[in-house]
Each structure stands twice: as structure tokens, then as C-alpha cells.
Amino acid sequence: MVHERSSRPRLSPSSYEEDIRAVLAPRLAYFEAVARHEHVTRAAHELGVPQSTLSRAMVRLEQDLGVALFARNGRTVSLTSAGRTFLGSAERALAEVEKAADSVRADADPTAGRVSFGFLHTMGSETVPALIRAFRVDHPGVRFQLVQNYGEAMIERLRAGGLDLCLTSPVPDAPDLVARRLDEQRLRLVVPDDHRLAGRRRVRLAEAADEAFVTLEPGYGLRRITDDLCAEAGFTPRIAFEGEEAETLRGLVAAGLGVALLPPPAVARPGVVELTVTAPRAAREIGVAWLDGHPDTPPVAAFKRFLLSRRGHLLPD
């Protein structure tokens, strides 16, 4: 294999990173095989490419780098000092590629793959554990990467590719997403147990117009629903506290800081009374969303089918 000089410009330290990748990446496996065999013909046979193709690829690699990687004696070659240095890095790079390939294949495995699933904080105590437990009856090996967050943050993560599916409320309506309504959850007006309304079972939301409210922060779906329901009832809520967890809000209601519109608790909390809101109808829709046009791996497809099969009975009784 004759090392011919080329008039083509060589890569320099100032070359763009994407140009370096485009030139070097396709040739790393060729280089590693030649270096391992120290013989072009044997390496070509292993790789399943013509010997002439492999010889030309190695010449071009050296020309692009501007460094001799091999000392040549016919089709037998040995590494130069620069070649040994380059081989170490090439082997590490190829090992990382192989590791990445193994990882994505494992994640797509129908029986032991991975599902990245996001859900609301208020779904974490009962709903999501019950769903995963039921799903794993027929899919015991499927792994879950779980993300608990508020709705807007999960949608952003879904769009960025960090989630396969998310369970959220309100059900999003966006052209790049597919969303399906799964269930509805009634909201209650939660008041301290010594509150003037505590002796009631039902209440119109307008009756709480003069109360201080403790709510979730802006950006949370439940906060938007609270604001919309209060507006429908004819008032703007006076906010005493904005938090991130529904159960924190319940505790602050028990402490007398204000009232709150919340979904039912997993476990009844002392110090508060939960009232049915008769007008306006206080409920939130819960649905599952995913990115439109993105193909599902087998485990994601199976979990999506499972969630859609739970329409109308997603939430624990």
C-alpha cells in the first residue's frame, strides 16, 4: 500500500468539530481492524470490504490527519508511535459506540425494555404505583424511568425527548402532541375544621369569594383550573400562599392559612373538612400525552395500550 501525497487540505486544530467527526467516524472501525491484524488483507476479509477500499481509506485517513499512522511493508503494516496513540482513542470511541448500541437495544427489548414516564405530583401516592403494579403483572421485566413534575415541565421534557409518555392535567391540546382523556377527578373545597363552612357537605364556590386561598404555583395545571373555576364563580382568588405539593397545601389549610381547591387525598388528613363544590362543576380531566410522529419501542407501545385500556377507571376508588 503506497502512501500517496494529496493536494487536499488537511484537518487542523481549528477545523469545525462536525467536520472532524464526519471525516474520522466512518474510518475508525477500519483503522482498528488494520491495527489489530497488522495486515490489510486479513482486516479487509474480517470487515467484508475489498482490500483496495480499505487501503484507500487508510491513506485518506492519514492524509486528513497529516500524520503517518502505519509503517508499511507490502500488505503487512505496523503502527507508528502516532498510530498507537490514535488506536487507544479509537478503541475507546468504538467501545462507547458499542455500549450505546447495547443500551438502546436493551431499552427497546419487548420483555425487559425501558419506559420513560412522567406524572403529576398528585398522581404519585396512589394512582401511578397502582398503574405500574397492574402493568407489571403481564410485563414483569419492563423497567421504568419515572419523572414527577408539574404539567408544563413534563410537556417540555416530552418535546425534548426525555419522556415517552406523561400523565397530566389539563389534557394538552397542541399540534405536535397526541393526547387522550383517560378519566376525570372531582375537586373539593378544603377548609379548616373550625371554618364557618365546615359544617356543610356541599358549597357553591362563590361562597368562598372572600377567603384567602392557598394554591399551587403558576404553571401547575391545578393552579390554572383553580383560577378558571374562581373566575367562572365570579371572583379572583386572593392568594395567601403558592406551593408545589397538594399535601403541603392541605397542611396549611389545617393551620388556618386559607382554603384550597384540591383533589381527594390518599389518606384523610385531620384538621380539615372537604366539601363538594356544586357550582361551578369542579373537576379536572386527566389524560396521557405523547409526541406525535415518534415511533414507540415495544415496551412503550405496550404501556401506552395499557393506559388507554384504563379509560374511565384510571383513578383508585
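Further up the page is the structure itself.
Residues numbered from 1 in each chain as written. Predicted model: local features only at pLDDT ≥ 70, side-chain atom pairs only at ≥ 80, totals over all residues. Heavy atoms only, no water.

## With respect to the overall build of the chain
The secondary structure content of the chain amounts to ten helices and 13 strands. Based on the C-alpha atoms only, the size of the chain along its principal axes is roughly 95 × 45 × 35 Å. Per-residue burial over the chain gives 42% buried out of 317 residues. Taking the contacts inside the chain whose residues are at least 6 apart along the sequence as the reference set, 74% of them involve residues at least 24 apart. Carbon and sulfur atoms form 49% of the exposed surface of the chain, whose accessible area is close to 16,700 Å². (Helix = DSSP H or I, 4+ residues; strand = E, 2+ residues; numbered from the N terminus. Buried < 20%, exposed > 50% of the residue type's maximum accessible area, 1.4 Å probe, protein only. Contact = heavy atoms within 4.5 Å. Areas by Shrake-Rupley, 256 points an atom, 1.4 Å probe, with all protein chains shown as cover.)

## Some points on the side chain of K304
Structurally, K304 can be placed in helix α10 (residues 298-308). Of the residues examined, K304 reaches a relative accessible area of 10% and is grouped as buried. Excluding residues that lie within four positions of it along the chain, K304 makes contacts with L165, W290 and D296.

## Describing empty space enclosed by the protein
Inspection of the entire model under this criterion finds two cavities of 30 Å³ or more. Within this model, the largest cavity holds a volume of roughly 100 Å³. Lining the largest cavity are 14 residues, and of these L120, H121, T122, L216 and Y220 lie nearest its centre. When grouped by side-chain class, the residues that make up the lining of the largest cavity number six nonpolar, six polar and two charged. There is about 40 Å³ of room inside the second largest cavity. The wall of the second largest cavity is formed by V214, T215, L216, L222, R223, T226, L249, L261 and L262. (1 Å grid on protein atoms, 1.4 Å probe; cavity = no way out; pocket = protein on both sides within 12 Å on 5 of 7 lines; lining within 4 Å. Points joined across faces, edges and corners; volume = space filled by probe spheres on them. Nonpolar A, V, L, I, M, F, W, Y, C, P; charged D, E, K, R; others polar.)

## Concerning helix α2 (residues 28-37)
Given 3.6 residues per helical turn, the α-helix brings residues three or four places apart onto the same face. When we look at burial in α2, the residues that qualify are L28, F31, E32, A33, V34 and A35. Positive phi shows up at E38, right after α2, with a value of about 50°.

## A closer look at the layout of surface pockets
Summary: where empty space remains is shown by rolling a probe the size of a single water molecule over the atoms. What the largest pocket holds in volume is close to 400 Å³. Lining the largest pocket are 19 residues, and of these T122, E126, P264, P265 and A266 sit closest to its centre. Per-element accounting of the lining of the largest pocket gives the leading share, three residues, to helix α9 (residues 246-254). Grouping the amino acids of the lining of the largest pocket by side-chain chemistry returns eight nonpolar, five polar and six charged. Computed from the structure, the second largest pocket encloses a volume of approximately 310 Å³. Here the lining of the second largest pocket is composed, by residue class, of eight nonpolar, four polar and four charged.

## Some thoughts on the pattern of salt bridges
The tally for this structure, following the rule as stated, stands at 20 salt bridges. The partner of E211 in a salt bridge is R196, and the shortest N-O contact between them spans 3.0 Å. Placement of the pair is E211 in the loop between β8 (202-204) and β9 (212-216) and R196 in the loop between β7 (188-192) and β8, with a sequence separation of 15 residues. Residue class for R196 comes out exposed when judged on its relative accessible area of 55%. For R200, the salt bridge identified is with E207, shortest N-O distance 3.0 Å. On the accessibility criterion, E207 (22% relative accessible area) is partly exposed. Among the charged side chains, a salt-bridge network with shared partners connects R181, E184, R281 and E285. (Salt bridge = Lys/Arg side-chain N within 4 Å of Asp/Glu carboxyl O.)

## Overview of the pairing of strand β1 (residues 70-73)
As paired strands, β1 and strand β2 (residues 76-79) are joined by four bridges and run antiparallel to one another. Each residue of the ladder has a partner; that of N73, found in β2, is T76. (Pairing = 2+ DSSP bridges.)

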